[in-house]
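Per-entry structural report
Residue-level listing of the chains:
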Amino acid sequence: MKILVMNCGSSSLKYQLIDMQGEKVMAKGLVERIGIEGSKIKHDTTGKERVVIEEPMKDHKKAIELVLQVIVDKDHGAIESMDEIGAVGHRVVHGGEDFASSVIIDEAVMDALNRNIELAPLHNPPNIMGIEACKELMPNTPMVGVFDTAFHQTIPADNYIYPIPYEYYEKYKIRRYGFHGTSHKYVSIRAAELMNKDIKDLNIVTCHLGNGSSVTAIEGGKSVDTSMGFTPLEGLAMGTRSGDIDPAIIPFLMDKEGMSFDEVNNMLNKKSGVLGISGLSSDFRDLEIAAEEGNERAELALKVFTNRVKKYIAAYAAQMCRIDVLVFTAGIGENSDVIRRMVCEGLECLNIRIDDELNNGVRGKEAVLNKDLTSATIMVIPTNEELMIARDTLGLVNER
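Counting restarts for each chain, with residues numbered from 1 along the sequence as it is written. Predicted model: local features are reported for residues with pLDDT of at least 70 only, side-chain atom pairs are reported and counted for 80 or more only, and whole-chain, interface and lining totals are derived from all residues. To obtain the side-chain values, all non-hydrogen atoms of the structure were used and water was disregarded.

Counting its regular elements, the protein contains 15 helices and 14 strands. Its C-alpha atoms give the protein a radius of gyration of 22 Å, near enough to 21 Å, the size a compact globule of 400 residues would have. Considering only C-alpha atoms, the protein reaches an extent of 55 × 55 × 45 Å along its principal axes. Using a 1.4 Å probe on the protein chains alone, a residue whose accessible area is under 20% of its type maximum counts as buried, one over 50% counts as exposed, and one in between counts as partly exposed. A total of 400 residues make up the protein; the buried ones form 50% of that total. Note on contacts: a residue pair is in contact if any heavy atoms of the two residues lie within 4.5 Å. Considering only contacts in the protein between residues 6 or more positions apart, those separated by 24 or more positions represent 61%. Accessible areas in this description were obtained via Shrake-Rupley with a 1.4 Å probe; residue shielding takes into account the shown protein chains only. For the protein, the exposed surface amounts to about 18700 Å²; the carbon and sulfur share of it is 49%. Think of it this way: any DSSP run of H or I at least four residues long counts as a helix, any run of E at least two long counts as a strand, and we number them from the N terminus. This radius of gyration counts C-alpha atoms alone. The globule rule is 2.2 Å times how many residues there are, raised to the power 0.38.

The buried count for strand S9 (residues 203-208) comes to six of six residues, which makes it a mostly enclosed element. Side-chain alternation along S9 places Asn203, Val205 and Cys207 on one buried face and Ile204, Thr206 and His208 on a second face that is also buried. Connecting S9 to the next strand, strand S10 (residues 214-219), in antiparallel fashion are five residues. Sheet analysis places S9 next to strand S12 (residues 325-329), joined by five bridges and oriented parallel. Looking at S12, one finds that Thr206 is bridged to Val327. DSSP calls a pair of strands paired once it identifies at least 2 bridges connecting them.

Our next topic: the packing of helix H6 (residues 181-195) against helix H15 (residues 385-399). H15 packs onto H6 with a crossing angle of 90° between their chain directions and a minimal axis gap of 9 Å. In terms of orientation, H6 and H15 fall into the roughly perpendicular class. Contacts between H6 and H15 pair Thr182, Ser183, Lys185, Tyr186 and Ile189 from the former with Glu385, Leu387, Met388, Ile389, Arg391 and Asp392 from the latter. Under the convention adopted here, Pro, Cys and the residues Ala, Val, Leu, Ile, Met, Phe, Trp and Tyr are nonpolar, Asp, Glu, Lys and Arg are charged, and Gly plus all remaining residues are polar. Taken together, the residues that form the contact of H6 with H15 break down as five nonpolar, two polar and four charged. Only the stretch in contact is used when fitting a helix axis, every axis being a line fitted to C-alpha atoms; angles between N-to-C directions are given from 0 to 180 degrees. Note on angle classes: values under 35 degrees are labelled roughly parallel, values over 145 roughly antiparallel, values of 65 to 115 roughly perpendicular, and the remainder oblique.

Turning our attention to the side chain of Arg176. Here Arg176 shows up in the loop between helix H5 (167-172) and H6. Contacts described as polar in this section are N or O atom pairs within 3.5 Å, which, within protein, must combine one atom able to donate a hydrogen with one able to accept it, while residues neighboring in sequence count only if both atoms come from side chains. At 3.1 Å, the side chain of Arg176 and the side chain of Glu234 are in polar contact.

Of all eight residues making up helix H13 (residues 337-344), six are buried, and the element is well covered by its neighbours. When H13 is considered as a whole, its buried residues turn out to be Asp337, Ile339, Arg340, Met342, Val343 and Cys344. Looking at the buried positions of H13, the neighbouring elements they touch are helix H10 (284-292), helix H11 (296-320), S12, helix H12 (330-335), helix H14 (356-359) and strand S14 (377-380). A positive phi of about 90° marks Gly346, the residue just after H13.

Turning next to unusual backbone geometry. If you check the backbone angles, Arg33 has positive phi at about 60° while not being a glycine. If you trace the backbone, Arg33 turns up in the loop between strand S3 (24-32) and strand S4 (40-45). Judged by its relative accessible area of 40%, Arg33 falls in the partly exposed class. For Lys173, which is not glycine, the phi dihedral falls at a positive 60°. Among the secondary structure elements, Lys173 is positioned in the loop between H5 and H6. Of the residues examined, Lys173 reaches a relative accessible area of 33% and is grouped as partly exposed.

The subject of this paragraph is the sheet that holds strand S2 (residues 13-19). Taken together, eight strands build an open sheet; the order of strands is S5-S4-S3-S2-S1-S6-S8-S7 and the sheet is mixed. Each end of this open sheet is capped by a strand with a single partner; those strands are strand S5 (51-54) and strand S7 (103-104). Sheet topology places S4 next to S5; four bridges connect them, and they run antiparallel. Among the inter-strand pairings, Lys42 is bridged to a residue of S5, identified as Val52. The sheet strands contacting helix H1 (residues 60-72) are strand S1 (2-8), S2, S3, S4, S5 and strand S6 (85-92), and the helix crosses S2 at an angle near 35°. Its contacts with the sheet put helix H3 (residues 124-137) on S1, S6 and strand S8 (143-147), and the angle it makes with S6 is roughly 165°.

On to the environment of Glu288, then. Here Glu288 lies in helix H10. Here Ser336 takes part through its side chain, which lies 2.5 Å from a polar atom of the side chain of Glu288.

A helix's residues, less one, multiplied by 1.5 Å, set its expected span. Taking 1.5 Å per residue as the helical rise, H3 with its 14 residues ought to reach 20 Å, and the 20 Å between its terminal C-alpha atoms agrees with that figure. Asn124, Pro126, Asn127, Ile128, Gly130, Ile131, Ala133 and Cys134 are the residues of H3 that are buried. Where the residues of H3 are buried, they touch S1, H1, S6, helix H2 (107-115) and S8.

Right, dumping it as structure tokens:
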């Protein structure tokens, strides 16, 4: 079966066409500036030259129409007919408590997605628009929803309930949801495969480190705790997000600076994290260069970031009693040997010992970063959320 994977943002769309026989990417692309002047598609078909299509796209329906056209184009496409697409897998950011796994999309699922808009007002609406556009353009093709939050629905109540009046959980479902679930699930499964061990026998901590970052404790293949919370703002210091702070800072700043709630919320999400500390950049590559050149605030930003990661790793070691595998993934985790080394420094007490020789220069490929076979296995595993979405989609369609 050939599966089309769709990931719709507010003004963008990423897609891949995957042949599940061999799990090979046949085509992939990025649509930019949907609904904005200068919209374009950058499309790559395996074995062919990239094509860039610049054409007005007023909405997601028009963008998806053009994507489907280029996929079957005789010169640039990967297949001859839309009939070759067996199913479409959609990335959906927030499933709330409604979904603990991926689902075939029907009207009841769409109703639930719309109910959960208030939990992810920036992300769920474009996800829904993408699904509705595909349903209209491909009415006979099965659609599957794969949720960033679903993997974390196994977290126990004592880890997801916040210590505020319980009535707010009952009334508004305020709780820890966690995100990046598809990524954490993929790399944990892959880690067990590479070790030739049953995931049910492993305690794994996965570090999804990018501009948005999260750490997850995975016990026997199930998420038992994660650093992001009710929203993706909680947890680690990130590129522009603050992560954990004293909530009393918010009214204090509103009083002292005359800031509105919206201004504080924007500051915490878009002007904080390593950008806020360094005053330089949210790009960790820039910060590493600046720190090496003696920029003290860039160095401080990196230390704050890596110290937060360490704290979560240590907390999850305490929860699970031991860590068998520590996995680094996503843009920073896969590509920065500096960040990986800084995270692992000082964790020897938890039986985590990175080998500098094995760590140095590892970028974007699977690797084991420790020689000591008696310590926890430290791995780099490039994430592949699109493949995870395609696998879930295939499994559900085959079960029908």
